[in-house]
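# Structure at a glance
Listed below are the residues making up each chain.
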Amino acid sequence: YSNLAASLEDTITPPVKVQHTQLLINGKFVDSASGKTFPTLDPRTGEVIAQVSEGDVEDVNRAVVAARKAFDEGPWPRMTAYERSKILFRFADLIEKHNDEIAALETWDNGKPYEQSAKIEVPMLARVFRYYAGWADKIHGMTVPGDGSHHVQTLHEPIGVAGQIIPWNFPLLMLSWKLGPALACGNTVVLKTAEQTPLSALLVGRLLHEAGLPEGVVNIVSGFGPTAGAAIASHMDIDKVAFTGSTDVGKIILELASKSNLKAVTLELGGKSPFIVCEDADVDQAVELAHFALFFNQGQCCCAGSRTFVHERVYDEFVEKAKARAMNRVVGDPFKSGIEQGPQVDSEQFKKILKYIRHGVDSGATLQAGGDRLGSKGYYIQPTVFSDVKDDMLIAKDEIFGPVQTILKFKDLDEVIARANNSRYGLAAGVFTQNLDTANRLMRALRVGSVWINCFDVFDATIPFGGYKMSGIGREKGIYSLNNYLQVKAVVTAIKNPAW
Ligand code: TXE
């Protein structure tokens, strides 16, 4: 890796200026009540990009007052669904117009390759909002037979003020998976970005208002979890909270919601997803897909294929080739073209990953590639591969959330099903096989929210996503996500003379 490390020394100047660093409350950029700010850092260097207003309890209160007023008195839930839909379509157009600027902010704050932000994630952001813009005027209740002398109908109504707490690994996409359905259904929102990545959401928030969103409908509070985040989860005037992040914090959110006003809760939490390479696999293709499943986004994906189970017949060849592929992974300044991997998001994640790598070595797994930081500044980590991993090793049980592939050997399907399911998580799984019976069997047996067969990380806006077990509660994206933001009202009308 020595050449790569050397090329990390010259840091490219990002092609964007930071315009917004204040909180977005009631349609205006404002300072935090305390006047406090916090630095957001460039993961390539650890240097400060900008000072950002630090929201706390009082700012969340201000945001909730604005969101409440916009819901209780404002035009948003009262305008026609078609009007709401048009605003969301206009917003998607504006996202496309500002594609490169949004992408550059996302990469600067997060460290992900600019080409990934500009060609995949920001276009997907527009796609997600168009998907939900299309839903806005197609949400409606039913008529229900009832028991004879009543006319029964259901009204699908917005739930009210939604609190949304999002992470830093896909700041924009996580925002879109939550804002999209909330807005399509007519809710108002208080959204807290992750403290590592506050910048792109503020620009996108401005564009929402340029598209015609009434003031107070979306309020964006930058800030920390135990202060601003906890204030959202425990607020008495927030009707629903949606969270994406660690399982530990997911438990806190549920507890705060239950201790306050029993607000509805959806959670999208951690994972330790199996990627199963069956005996009939074309090894080259399997290696490439398994590599993508783990290393995409610097390994910082909740659904990363982080337990690579390989059938014993192809295991040795797979390990050799997986090692070679990791050694060839192009790591560097994410603003350079052709870069596959940038730095990890911050020093906390960087240290956590290096600690797990040490654990792997100490517990007897074979280090095939990587194993250390890359370069001397910023948070770059060598693409790392362990083989001979055993189920009870920490690196096979915990979410590492970094570029560390762990390869485990299996003999038969019954065994791999039991081992794949032997996890407190149940977010996703990958299956690599040409055998239809094997694919069908695994698809049913795996206790996870998404099964990708001969593919991985397919995130179309139409496909529901969420976890079994301790990976979460509820589904985002697709038609299923709408239920998270709707109340069902049953309306029963007596019929005077049912015998028509
Ligand atoms: O997550 P946190 P962190 C996993 C991953 C990672 C680990 C820790 O394994 O290494 O979590 O990352 C807010 N009340 N995932 O520390 O703390 C916080 O401000 C209310 C998986 O970054 O869960 C941020 O906005 N909110 C994951 C958000 O929660 C609180 C993505 C996520 O931060 C809070 C990220 C509190 N007490 C990390 N404490 C995924 N599922 O994709 C924190 N927050």
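Structure first, text after, so check above.
What you see is a predicted model; the values in this text were computed from it and never measured.

### Considerations on the packing of helix α3 (residues 81-97) against helix α5 (residues 114-136)
- For the pair α3 and α5, the least separation of the axes is 8 Å and the interaxial angle reads 170°. If you check the angle between α3 and α5, you find them roughly antiparallel. Contacts between α3 and α5 involve Ala81, Ser85, Leu88, Phe89, Phe91, Ala92, Asp93, Ile95 and Glu96 from the former and Val122, Leu125, Ala126, Phe129, Arg130, Tyr132, Ala133, Gly134 and Ala136 from the latter.
- Grouping the constituent residues of the contact of α3 with α5 by class yields 13 nonpolar, 2 polar and 3 charged.

### A short note on helix α12 (residues 347-362)
- Here α12 is 16 residues long and its end C-alpha atoms lie 22 Å apart, about the 22 Å a rise of 1.5 Å per residue gives.
- Among all positions of α12, only Gln349, Phe350, Ile353, Leu354, Tyr356, Ile357 and Gly360 are buried. The buried residues of α12 occupy one face: seen down the axis, they fall within an arc of 155°. Looking at α12, the residues exposed on the side facing more than 90 degrees away from the buried face are Glu348, Lys351, Lys355, Arg358 and Asp362.
- At its buried positions, α12 is contacted by β15 (384-387), α13 (394-397) and β16 (404-410).
- The N-terminus of α12 is capped by aspartate 346, whose side-chain oxygen sits 3.3 Å from the backbone nitrogen of glutamate 348.
- Of the residues flanking the end of α12, it is glycine 364, one or two places downstream, whose phi is positive at about 100°.

### Here we look at the side chain of lysine 263
- Checked against the element boundaries, lysine 263 lands in the loop between α9 (247-259) and β11 (264-268).
- No salt bridge is formed by the buried lysine 263. Its closest oppositely charged neighbour is aspartate 239, at 8.6 Å.
- For lysine 263, the side chain forms a polar contact with the main-chain oxygen of histidine 235, separated by 2.9 Å.
- Engagement of the side chain of lysine 263 in a polar contact is seen with the side chain of serine 260, the distance being 3.0 Å.

### Describing the site of the ligand
- Taken together, 29 residues form the shell around the ligand, and within it Trp168, Glu195, Ser246, Lys352 and Glu399 come nearest.
- At a separation of 2.6 Å, an oxygen atom of the ligand approaches a polar side-chain atom of glutamate 399.
- Burial of the ligand by the surrounding chains reaches 91%, relative to a free accessible area of 810 Å².
- Every element with two or more residues in the shell around the ligand is listed here: α8 (225-233), β10 (240-244), α9 and α12.
- For the shell around the ligand, the element with the most residues is α8, which contributes 4 residues.

About the thresholds
Residues numbered from 1 in each chain as written. Predicted model: local features only at pLDDT ≥ 70, side-chain atom pairs only at ≥ 80, totals over all residues. Heavy atoms only, no water. Axes fitted to C-alpha atoms, helices over the stretch in contact; angles between N-to-C directions. Helix = DSSP H or I, 4+ residues; strand = E, 2+ residues; numbered from the N terminus. Parallel < 35°, antiparallel > 145°, perpendicular 65-115°, else oblique. Contact = heavy atoms within 4.5 Å. Nonpolar A, V, L, I, M, F, W, Y, C, P; charged D, E, K, R; others polar. Expected span 1.5 Å × (residues − 1). Buried < 20%, exposed > 50% of the residue type's maximum accessible area, 1.4 Å probe, protein only. Arc of directions from axis to C-beta. Polar contact = N/O pair within 3.5 Å; in protein donor to acceptor, adjacent residues only side chain to side chain. Lys, Arg positive; Asp, Glu negative; His and termini not counted. Salt bridge = Lys/Arg side-chain N within 4 Å of Asp/Glu carboxyl O. Near = heavy atom within 4 Å. Areas by Shrake-Rupley, 256 points an atom, 1.4 Å probe, with all protein chains shown as cover.

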